[in-house]
Amino acid sequence: MNCEKGGCNPEQRIEQPVEEDDKYFIVVHQGTIASGELVIKDAKKRDFLAQKYNLLCFKTEAAGALADFPCLVIQGISDYCDSHKNNNWHGFAAAAAAAYARRLFFHMPTEIEEETSIKPTAFDLQSYLPGIRQISKFIARKEELTEMQEALQPTVRPHRRRAVVLHGLGGIGKTQLALEYAQQHHEHYSTKIWLEARNETTINQSFTRLAEQILQKEQVTYIQTAVDSQDQSIILNAVKRWLDKPANKSWLIIYDNYDYHDLDNAHTEDEEFLGISGQITVSMNLRGQEKEVRSQSYDIRKYFPKADHGTIIITSRVSSRKLGRPIKISKLKSLDDCLEILASNSGRNIIDDPAAVDLAKRLNRLPLALASAGAYLRQVPINYTKYLQDYKKS
Ligand SMILES: Nc1ncnc2c1ncn2[C@@H]1O[C@H](COP(=O)(O)OP(=O)(O)OP(=O)(O)O)[C@@H](O)[C@H]1O
Ligand SMILES: [Mg+2]
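All of these numbers come straight from a predicted model, not from anything done at the bench.

Right, let's get into helix 13 (residues 335–346). When the terminal C-alpha atoms of helix 13 are compared, their 16 Å separation across 12 residues agrees well with the 16 Å that a helix rising 1.5 Å per residue should span. Within helix 13 the residues assigned to the buried category are Cys338, Leu339, Ile341, Leu342, Ala343, Asn345 and Ser346. Packing partners of the buried residues in helix 13 comprise helix 14 (354–362) and helix 15 (367–379). Count one or two residues on from helix 13 and you reach Gly347, which has phi positive near 70°.

Here is the structure:
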């Protein structure tokens with residue numbers, strides 16, 4: 001607004017002649033710059049704040065940036081902080097800032113770059129993993145763990161992202177394997193994150209929990225603002241921004257139970273498995289259930305951080321090459337491992353018990369079935385023979 005429109009008293013005007021050969025044409029001021037989200041157009045408020053906090057000027061650009069990471073904001077001053085606010089000097093201010101920044105680089109020691117790469121706070125896998133059964137003893141899977149290690153070790157794609165997809169039947173042990181890998185290799189990763197990727201609701205809930213978890217360890221203004229907004233897409237972008245930081249490279253994220261998607265037009269392995277064994281009714285039920293959940297399918301890549309670093313493990317009943325190196329998780333090979341799962345879940349001795357061996361075979365060497373049978377036997381006072389008889393009858 002010009003003086004005429006604003007009703008300013010022309011008597012009060014101080015003329016400032018501008019001559020380019022004036023040696024005071026560019027003046028350097030040094031002092032405190034107030035930074036905030038709101039533009040101040042009230043001259044009285046401006047003067048009050050300037051006096052109270054001994055301020056040189058006000059600005060809105062890059063507001064809060066300093067609170068997020070150590071940085072130097074270089075900005076040209078172009079404007080009045082009152083009703084005379086205008087855009088006339090933006091070009092000049094931008095050129096002055098660019099020229100200053102350029103000069104500054106010539107004086108900056110290169111070590112500063114390393115000093116400012118402050119590592120974000122590290123933290124471990126959430127102690128509370130909703131819906132995941134904590135097992136007392138992890139059994140077998142040595143080959144799979146080695147295959148994962150080979151695919152995820154830093155030499156495979158130096159300084160770039162590495163990803164695997166653990167795929168296999170429901171209950172085969174994908175989630176437990178991913179958690180075991182994270183625990184065995186915890187020293188290689190600064191941050192271990194578990195996200196429930198079953199559908200978009202659960203994955204968004206996981207991101208919100210993760211944002212809160214980050215805030216417990218580290219004060220990150222943009223994550224705090226996102227959490228306060230309660231807007232899921234803002235929270236997702238804020239957490240992704242945190243994971244994208246160049247100094248935050250060594251995280252491990254487990255996207256668990258990403259079972260329903262069609263990225264490669266693949267069939268679930270449950271379908272294949274049940275089809276082969278001729279259990280048509282079960283297969284049909286499963287297909288019905290799947291049809292319902294398929295409507296919730298989504299592209300998980302939207303939930304990946306953008307920067308090409310970090311390590312990702314996806315567990316899924318569906319194999320996909322688009323997301324990472326596929327690793328098939330099969331039924332347990334060794335009968336001894338099956339018996340060990342039965343024993344550790346039932347708390348019973350199984351040595352030389354032919355009924356236990358028979359049961360392990362009947363349960364198709366499927367870890368979930370073995371663990372469930374074991375858990376049942378821990379509660380109910382019947383032996384393996386009786387359980388087997390009941391199982392055969394059912
Ligand atoms: N290596 C293992 N050692 C001991 N118990 C295991 C192992 N793998 C799986 N289990 C048992 O089997 C159960 C099911 O395993 P898990 O949840 O990992 O299967 P999943 O393949 O992820 O299944 P879903 O596709 O339904 O998510 C576990 O709760 C655990 O009791
Ligand atoms: Mg699982």
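A few words now on the environment of Leu236. As for its placement among the helices and strands, Leu236 is situated in helix 10 (residues 232–244). Taking the C-alpha atoms as reference points, Leu236 and Asn204, 32 residues apart in sequence, are found 7.2 Å from one another. Residues within four places of Leu236 in sequence aside, it is in contact with Asn204, Phe207 and Tyr303.

Attention now moves to the packing of helix 8 (residues 200–217) against helix 9 (residues 221–229). Here helix 8 crosses helix 9 at 135°, and the two axes come no closer than 10 Å. Taken together, the axis directions place helix 8 and helix 9 in an arrangement best described as oblique. When the axes of helix 8 and helix 9 are compared, the crossing they make is left-handed. On helix 9, the residues touching Ala211, Glu212, Ile214 and Leu215 of helix 8 are Ile223, Gln224, Ala226 and Val227. Partitioned by chemical class, the residues of the contact of helix 8 with helix 9 number 6 nonpolar, 1 polar and 1 charged.

Before going further, it helps to examine the pairing of strand 1 (residues 32–35). Inspection of the sheet shows strand 1 paired to strand 2 (residues 55–59) by 4 bridges, in the parallel sense. Bridge pairing links Ala34 to Phe58 in strand 2.

Further remarks concern unusual backbone geometry. With a phi angle near 65°, Arg141 is a residue other than glycine that sits in the positive phi range. Structurally, Arg141 can be placed in the loop between helix 5 (111–115) and helix 6 (142–152). A count of 20 C-beta atoms within 10 Å places Arg141 in the buried class.

Another point: the environment of Asp79. Its place among the elements puts Asp79 in the loop between helix 3 (65–68) and helix 4 (90–107). Residue class for Asp79 comes out partly exposed when judged on the 18 C-beta atoms lying within 10 Å of it. Measuring from C-alpha to C-alpha, the distance between Asp79 and Phe58 comes to 9.6 Å, with 21 residues separating the pair along the chain. Non-local contacts of Asp79, meaning those with residues more than four positions away in its chain, are made with Lys85, Asn86 and Trp89.

The immediate surroundings of ligand 1 are formed by 21 residues, with Gly173, Lys174, Thr175, Pro367 and Ala371 found nearest. Within the residue set of the shell around ligand 1, elements represented by two or more residues are helix 7 (174–184) and helix 15. Within the shell around ligand 1, the residues separate by chemical class into 9 nonpolar, 8 polar and 4 charged. Two domains each provide a minimum of three residues to the shell around ligand 1, namely domain 2 (142–328) and domain 3 (335–393).

Scoring rules and cut-offs
- Residues numbered from 1 in each chain as written.
- Chains lettered and ligands numbered in written order.
- Predicted model: local features only at pLDDT ≥ 70, side-chain atom pairs only at ≥ 80, totals over all residues.
- Helix = DSSP H or I, 4+ residues; strand = E, 2+ residues; numbered from the N terminus.
- Expected span 1.5 Å × (residues − 1).
- Buried ≥ 20, exposed ≤ 12 C-beta atoms within 10 Å, placed from the backbone.
- Contact = placed C-beta atoms within 7 Å.
- Axes fitted to C-alpha atoms, helices over the stretch in contact; angles between N-to-C directions.
- Parallel < 35°, antiparallel > 145°, perpendicular 65-115°, else oblique.
- Left-handed = near helix turned anticlockwise from the far one by under 90°.
- Nonpolar A, V, L, I, M, F, W, Y, C, P; charged D, E, K, R; others polar.
- Pairing = 2+ DSSP bridges.
- Near = placed C-beta within 6 Å.
- Domains from an automatic or database assignment.

Read these as layout, nothing more, since geometry by itself doesn't imply function.
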